[in-house]
Amino acid sequence: MSEAMHAGREPGAFAEWRRRSTWVDHVLLAIRAGVAVLLLTGLAGGLTAGTYSLADFVSFAVFGLTMGSLYALIALGYTMVYGILRMINFAHGDVMMVGSFAGLFAAGGLNDLGLLRAAPLLALPLVLAAGMAAGAAVSLGIERVAYRPFLHVRSLAPLICAIGLSFVLQYTARGLFGTRNRAYPGFGWMEGTLDLFGLPVPIPQLVAFGAALVVLAGLLAVVRLSPLGKAMRAVAEDRDAAALVGIDVGRVIVATFAIGGAMAGVAGVLYAVVFKQITVFMGFSLGIKGFAAAILGGIGNLGGALLGGLVLGVAEALGPALVLEGFHIPAPYQLKDVIGYGMLVMILIFRPQGLLGERLASKRA
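Treat the numbers as computed from the prediction; the structure is a model and nothing was measured.

Rules of the game
- Residues numbered from 1 in each chain as written.
- Predicted model: local features only at pLDDT ≥ 70, side-chain atom pairs only at ≥ 80, totals over all residues.
- Heavy atoms only, no water.
- Helix = DSSP H or I, 4+ residues; strand = E, 2+ residues; numbered from the N terminus.
- Buried < 20%, exposed > 50% of the residue type's maximum accessible area, 1.4 Å probe, protein only.
- Phe/Tyr/Trp six-rings, centres within 6.5 Å; stacked < 30°, edge-to-face > 60°.
- Expected span 1.5 Å × (residues − 1).
- Patch = residues over 30% accessible without salt bridge, like charges linked within 9 Å, V, L, I, M, F, W, Y side chains within 5 Å.
- Areas by Shrake-Rupley, 256 points an atom, 1.4 Å probe, with all protein chains shown as cover.
- Salt bridge = Lys/Arg side-chain N within 4 Å of Asp/Glu carboxyl O.
- Axes fitted to C-alpha atoms, helices over the stretch in contact; angles between N-to-C directions.
- Parallel < 35°, antiparallel > 145°, perpendicular 65-115°, else oblique.
- Left-handed = near helix turned anticlockwise from the far one by under 90°.
- Contact = heavy atoms within 4.5 Å.
- Nonpolar A, V, L, I, M, F, W, Y, C, P; charged D, E, K, R; others polar.
- Pairing = 2+ DSSP bridges.

Comments concerning the environment of leucine 29
Looking at where leucine 29 falls in the secondary structure, it is placed in helix H3 (residues 23-49). The partly exposed category is assigned to leucine 29, whose relative accessible area is 43%.

With respect to the packing of aromatic side chains
On inspection of all chains with the given rule, the structure shows eleven aromatic pairs. Ring geometry for phenylalanine 60 against tyrosine 333: centres 5.4 Å apart, planes inclined by 55°, an arrangement best described as tilted. Of this pair, phenylalanine 60 sits in helix H4 (residues 54-85) while tyrosine 333 sits in the loop between helix H14 (302-322) and helix H15 (336-350), and the two are 273 residues apart along the sequence. Under the relative-accessibility criterion, phenylalanine 60 is labelled buried at 18%.

What to know about helix H5 (residues 92-112)
Here H5 is 21 residues long and its end C-alpha atoms lie 31 Å apart, about the 30 Å a rise of 1.5 Å per residue gives. For H5, the buried fraction is high: 15 of the 21 residues fall into the buried class. Directly beyond the C-terminal end of H5, a positive phi value near 80° is found at glycine 114.

As for a nonpolar patch on the surface
A grouping of Trp23, Val24, Val27 and Ile31 is seen on the molecular surface, where their side chains present a nonpolar patch of about 380 Å² in accessible area. Relative to the assigned elements, tryptophan 23 resides in helix H3.

Some thoughts on the packing of helix H7 (residues 120-147) against helix H8 (residues 157-177)
Axis angle and axis distance: for two packed helices, these are the angle between their axes and the distance between the axes, and together they describe the pair. Direction vectors running N to C along H7 and H8 enclose 140°, while the axes themselves pass 9 Å from each other. With respect to H8, the element H7 is oriented oblique. Both H7 and H8 take part in a crossing whose hand is right-handed. Contacts between H7 and H8 involve Val138, Ile142, Val145, Ala146 and Tyr147 from the first element and Pro158, Cys161, Ala162, Leu165 and Leu169 from the second. A per-class count over the contact of H7 with H8 returns ten nonpolar, no polar and no charged.

Looking at the pairing of strand S2 (residues 193-196)
For S2 and strand S3 (residues 199-202), the ladder comprises four bridges, and the chain directions are antiparallel. From the neighbouring strand, aspartate 195 faces S3, where its bridge partner is proline 200. Counting the residues that bridge the hairpin from S2 to S3 gives two residues, and of these phenylalanine 197 lies at a positive phi of roughly 55°.

Topic: the pattern of salt bridges
The full count for this structure, using the stated rule, is five salt bridges. The salt bridge involving arginine 20 is made with glutamate 16; its shortest N-O contact spans 2.6 Å. With arginine 20 and glutamate 16 both in helix H2 (residues 13-20) and four residues apart, the pair spans about one turn of that helix. What makes arginine 20 exposed here is its relative accessible area of 61%. What makes glutamate 16 partly exposed here is its relative accessible area of 23%. Between glutamate 316 and lysine 289 there is a salt bridge whose closest N-O contact spans 2.9 Å. Remark: lysine 289 occurs in helix H13 (residues 282-297) and glutamate 316 occurs in helix H14; sequence separation between them is 27 residues. Its relative accessible area of 4% is what places lysine 289 among the buried residues. A single network of salt bridges, built from pairs that share partners, joins Lys289, Glu316, Lys336 and Asp337.

Digging into the packing of helix H10 (residues 227-237) against helix H12 (residues 249-275)
The contact between H10 and H12 brings their axes to 10 Å, and the two run at 105°. Between H10 and H12, the angle is such that the two are roughly perpendicular. On H12, the residues touching Leu228, Ala231, Met232 and Val235 of H10 are Val249, Val252, Ala255, Thr256 and Ile259.

Printed below as a string of structure tokens:
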């Protein structure tokens, strides 16, 4: 009886939270509730508006998966460098831009030979290889200039150098290629549409999504199964301990930058395959989206980069039609970037470790 009465006096979880919480917790709770109310209100309005059909939503989702796979490829470069050096490479978006232009020139040469339209399945890997080579080369240059001199120094100098190199790459490309949009040549039959369950889907979106998944699977296999991948994971776990057991840390860092740059080059070429045009300014916005995807999934976590990219891409594609349309906004798709950057802010406030968390954080703790 006395135990029951004692148990009855124990504070519940809510009472315990109220006792321990501060005004900051109350403000954050109010923000959560406000965001949830806005989302539910917009979702109810968007679903009942009847502006879009089911086929439209499926089309938006396919496009979102395509963009999400490109974001994931960019996010991998951020998350790999962060996993090894605990720093962000802010020039990574412009590495993608350089890879895209390298692919443009390769595609132009193949188009002159007539190979682009005659054998697109043979030409596309060659164009991708050009983008990967350029991305890896530029990324290695960034590592040599901005990161290697500060490898054993704790400072913000690498971040500042990377930002400076980002502007160097952008303005160099601006001087060499101009500021106008550059059109990508077509890849023959890949320019058409494919009928999937009665829904016409552009083939470039399917090709870009499939190619991105193949590249991502290959990268995950390298990281999980190869000796280089084991060395990368060991360096990410403890750089000093990895050096003590004979791992060449400098070589692993160089390989990490090269692989991340190659992934950015692939993303740049596939972006051009989908949108048919590129510009020297494309690296900034897409780089920020890739960074947001890395944060969203959990920076330092390769699986998180993939998940974060796909979630961000689908949210940007479906959010305007599902949520913003519910508020009767005249041009909801003009605000799709608000959804992407808003997700970045929300995840940093409420779950800074990302959806999957940093894989090594718990082990280090």
